[in-house]
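Coordinate analysis (summary)
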Amino acid sequence: MASRTALVYDDEMTSHQLLWNDPVCQIEVPERLFSCWEWLQGNNLIERCTSVPVREGTEDEILLAHSSDYLGVVKNTEKMIKEDLQKTSAEYDAVYFHPMTYRCAKLAVGATLELVDAVVSGKTLNGMALVRPPGHHSQRSAANGFCIFNNVAIAAKYAQRKYGLQRILIVDWDVHHGQGTQYIFSEDPSVLYFSWHRFEHQQFWPSLRESDYDAVGQGMGRGFNINVPWNKTGMGNSDYVAVFLHVLLPLAFEFDPELVLVSAGYDSGIGDPEGQMCATPECFAHLTHFLMHLAKGKLCLVLEGGYHLRSLSESVCMTVKTLLGDPLPCLSGEMAPCLSTLESIHNVRAAHKPYWKCLMYEDTTPLQDLSTNLDQAGKAEFTPADAQPLTPEACETVNRDEIAKTDKFLERHMKEIVFPTPSVRTAAAVDESNTLLLPPSLQTEKAVDRKEFRRVISGFDAKLVEEEKVLTSLTNMMTVLDKIIRKEIINGLALSCAASVSSAMAIKYCSNQKVQKVLCIFLGDIDLEMDVDDGKVLLINVCAKPSQQSSTKYKIFLQWKEDTETTTFFSAVTGFILPVGYSFQPELIILAIGQNQSLGKNGISLLISLLQGLAHSQILTLIQDTEVNLLKDVVKPLTGDFVPYFGTTAPALKENEQIIADLRQQLQQEWKMLQCSV
Ligand code: Q9C
Ligand code: ZN
């Protein structure tokens, strides 16, 4: 059976290389590809993917995004001697040509298009192309920034032409601005282009005015170009996730793409000499995971930059593992975006307010140049030594030391964050009569009678549990929960005749088993007082009836109306539940579905799927037996077989959005990832 993830690679693309001394271009080396491949091999990831052979992109395909004059120029370099190659290279900014450049650039295009074919045709669900030279700086008639042909731009045009796609999202997480891609689609509303990039108030290369947040697209394309400038270096996991949650995802869900292409540059990762950012490899697992929830999962990643070999390779492995559906490592580090990030988020949201329904109730105007005056806004610390000119030899030494430092950090770090994946993903415990509702592939658990279980149960109000039926459903639940805690399974589900009692007892059991932090999301009416006062449990109750109690740090009531629009649902998930979850950093999640929950099947599936970015994907789902019709919608995301689809959405009612905005306002000092403004 073909694997769900395509991998496109050919080592011939390592033959393009720099033939002379050039300090600007020397980081773009063939080892970048070799290294990724070796690390994928070392992690046994290659055999888990569907291998797709590369081909050359044709002239017609290249002409989808480039002029024939420019194609001619590149073609001519094939026969050139070194001096002429050097001369042609000098006509462009930060580019080198080699006799094999034309061939490799054609292979990079062809590899990308083969990936698009595999994914759009449905042969695979998603995939990655490891290519050189990269593409996103390349323009209609110009090479730029190591890029010859714009692989991703050509891919978008190709997918439109060949498959008639009407909405394509391009996510450019490379640390540089893909100005080439921006130019190609700036007037095109059928391609939504998102790029974040090191900008430093236009001081950083390519230092363009049009890389700022107020470049939103032109003509018909207004609103379809999203730039998030990084005005400081040292941005890390929380900054990246905050921008995804508060900028990219809301707009992307509303845009409703049919295909997602990623300009996957890893120079935004830790240790990269160009980016000077701090995002650790597992961050790319989370970014990938978020994007897997768009376009029915059709996701194609194409390598762009990334110059620290180990950081690049670890991050590529994280990306591919996530595409394959493996559980995600937790994000490390304190989860709070820095001030400069908040300012950028605020500004992009304000600039895009006229074009997107999900931003229509923002009351914001751009904060012009605020962070220049905010000295505390930055994260990275620079010693004066960084500012002094160094001799080439001294530079070499500093660089070598820097590289080694990150190598060492990553060696330790990856050991800390990755834990062995249980061989069984999902298990379920339901009573006999409901076993038939489960897919036959699912591992089913028989309740076991254990001393620890009885101890937990006996600690509860006796009349709650005197019934035989209740007792069985509680033991069912604890059997599954216990396996999750012991890491024998990743996630599980249990039917319960009293979801409130089951949740309370699951929480108690976790505490007995020394699980430090539990996120409990309860959908529907809770009919008993839940004790969450020790700070180890965070309870979010999404419930139709307005709560008598007001929300506190560890007990949050989110009022939900039966007819609440999908738009509001997305903003509740990306703008509230996930930010709170990412701030809390739970070790385990309990999701309970009780009576009178009003989210809808598709919504519940999406929520369960996205929550798997937290807590090493360890999640116990409890379903009240009256809601047994939701079983299928719970199992799918747990087993990794959920393909989200919502279609286009209507604008939200202000009063519904207001409920979320008020809660965010109230809690953003406690849960810092909720912040989306300064
Ligand atoms: N003073 C990619 O990451 N730096 N390209 C130029 C000139 C060029 C990066 C500095 C960086 C190009 C695909
Ligand atoms: Zn780059």
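Model, not experiment: these values are computed from the prediction. Residue positions are given per chain, counted from 1 along the sequence in the order it is written. To read the labels, note that chains go from A and ligands from 1, taken in the order they are written. Local features in this predicted model are restricted to residues of pLDDT 70 or higher, and side-chain atom pairs are both shown and tallied only at a pLDDT of 80 or more, whereas totals for entire chains, interfaces and linings draw on every residue. The basis for the side-chain values is all heavy atoms of the structure; hydrogens and waters are excluded.

**Comments concerning the sheet that holds strand β16 (residues 619-624)**
At least two bridges found by DSSP between two strands are what make those strands a pair. Numbering goes from the N terminus for both helices and strands, where a helix is a DSSP run of H or I of at least four residues and a strand is a run of E of at least two. The sheet built from eight strands is open, its strands ordered β10-β9-β11-β16-β15-β12-β13-β14 with parallel pairing. Every interior strand has two partners, whereas the edge strands, β10 (443-444) and β14 (555-559), have only one. On the sheet, helix α16 (residues 468-485) packs against β9 (424-429), β10, β11 (489-496), β15 (588-593) and β16 and is oriented at approximately 170° with respect to β11. Whether two residues touch is decided by their heavy atoms; if any such pair falls within 4.5 Å, the residues are in contact. Geometry is summarised by axes, namely lines fitted to C-alpha atoms with helices restricted to the contacting stretch, and by angles between N-to-C directions that run from 0 to 180 degrees.

**Quick notes on the pattern of salt bridges**
Here, a salt bridge means any Lys or Arg side-chain nitrogen found within 4 Å of an Asp or Glu carboxyl oxygen. This model, assessed by the stated rule, comprises 28 salt bridges. Between Glu 59 and Lys 75 there is a salt bridge whose closest N-O contact spans 2.6 Å. One end of the pair, Glu 59, is in helix α2 (residues 59-62); the other, Lys 75, is in helix α3 (residues 68-76), with 16 residues separating them in the sequence. Arg 167 is paired through a salt bridge with Asp 256; the nearest N and O atoms lie 3.4 Å apart. Separated by 89 residues along the polypeptide, Arg 167 in the loop between α6 (151-163) and β4 (168-172) and Asp 256 in the loop between α8 (237-255) and β7 (259-264) bring together distant segments of the chain. When accessible area is computed with a 1.4 Å probe and restricted to protein chains, residues below 20% of their type maximum are described as buried, those above 50% as exposed, and intermediate ones as partly exposed. Here Asp 256 falls in the buried class, since its relative accessible area comes to 9%.

**Structural notes on the UniProt feature "domain: Histone deacetylase" (unreviewed entry) in the protein chain**
UniProt positions are given in the numbering used here, feature names are shortened, and annotations may be inferred rather than shown by experiment. Feature annotation in UniProt places "domain: Histone deacetylase" (unreviewed entry) on residues 28-323, given in this structure's numbering. Spanning residues 28-323, this segment combines 40% helix with 12% strand, and its end C-alpha atoms are found 26 Å apart.

**Notes on the coordination of the zinc ion (ligand 2)**
Tetrahedral coordination by four donors sets the ideal angle at the metal to 109.5 degrees; octahedral coordination by six donors sets it to 90 or 180 degrees. Each metal site is built from N, O and S donor atoms within 2.8 Å (3.2 Å for Na, K and Ca), and since water is not included, such sites may look incomplete. Coordination of the zinc ion (ligand 2) by the protein involves Asp 174 (OD), Asp 174 (OD), His 176 (ND1) and Asp 267 (OD), with metal-donor separations of 2.0 to 2.6 Å. Between consecutive donors of the zinc ion (ligand 2), the numbers of intervening residues give the motif D-x1-H-x90-D. Here Asp 174, found in the loop between β4 and α7 (179-185), pairs with Asp 267, found in the loop between β7 and α9 (281-291); they are 93 residues apart in sequence, far enough to count as distant.

**Focus: the pairing of β7**
Burial analysis of β7 places six of its six residues in the buried class, which makes it a mostly covered element. Note that β7 and strand β8 (residues 299-303) share five bridges and pair parallel. Counted as the bridge partner of Val 262 is Leu 301 from β8. Following the chain from β7 across α9 to the adjacent parallel β8, one finds a crossover that is right-handed. Clockwise travel from the first strand over the helix to the second, with the strands pointing away from the viewer, marks a crossover as right-handed.

**Details of the packing of aromatic side chains**
The relative placement of two aromatic rings is captured by the distance of their centres and the angle of their planes. Here a pair means two rings of Phe, Tyr or Trp (six-membered ring of Trp) with centres within 6.5 Å. Their orientation is stacked below 30 degrees between planes, edge-to-face above 60, and tilted elsewhere. If you walk through the whole model with that rule in mind, you get 28 aromatic pairs. Geometrically, the ring pair formed by Trp 173 and Tyr 266 is edge-to-face, given 6.1 Å between the ring centres and 75° between the ring planes. Residue Trp 173 is found in the loop between β4 and α7, and its partner Tyr 266 is found in the loop between β7 and α9; the two are separated by 93 residues along the sequence. The class of Tyr 266 is buried, set by a relative accessible area of 1%. These aromatic residues form a ring-pair network of at least three members: Phe 194, Trp 196, Trp 230, Tyr 240, Phe 244, Phe 290 and Tyr 582.

**Here's the deal with the sheet that holds strand β5 (residues 191-198)**
Strand pairing in a sheet is mediated by backbone hydrogen bonds. Such pairs are either parallel or antiparallel. Across the sheet, which stays open at both edges, the eight strands sit in the order β2-β1-β3-β8-β7-β4-β5-β6 with parallel pairing between neighbours. The sheet is open, and its two borders are formed by β2 (50-52) and β6 (225-230), each paired with just one other strand. Taken over all neighbouring pairs, the strand axes of this sheet differ in orientation by 15° on average, direction set aside. Where β5 meets β6, six bridges bridge the pair, whose relative direction is parallel. Bridge pairing in β6 places Arg 198 opposite Trp 230. Packing of α8 onto the sheet brings it into contact with β4, β5 and β6, and relative to β5 it is tilted by some 170°.

**Some remarks on the nonpolar core**
Nine residue types can take part in a nonpolar core, namely buried Ala, Val, Leu, Ile, Met, Phe, Trp, Tyr and Cys, and a core is a set of them joined through side-chain atoms within 4.5 Å. With 179 residues, the main nonpolar core has Phe 149 and Trp 173 as its most contacted residues. Of all the elements, α8 adds the most residues to this core, at 13 residues. The domain boundaries here were taken from an automatic or database domain assignment. Here this core spans two domains, since at least three of its residues come from each of domain 1 (5-417) and domain 2 (426-672). Judged by nonpolar contacts, the second largest core, of 38 residues, contains Phe 453, Val 470, Cys 510 and Met 530.

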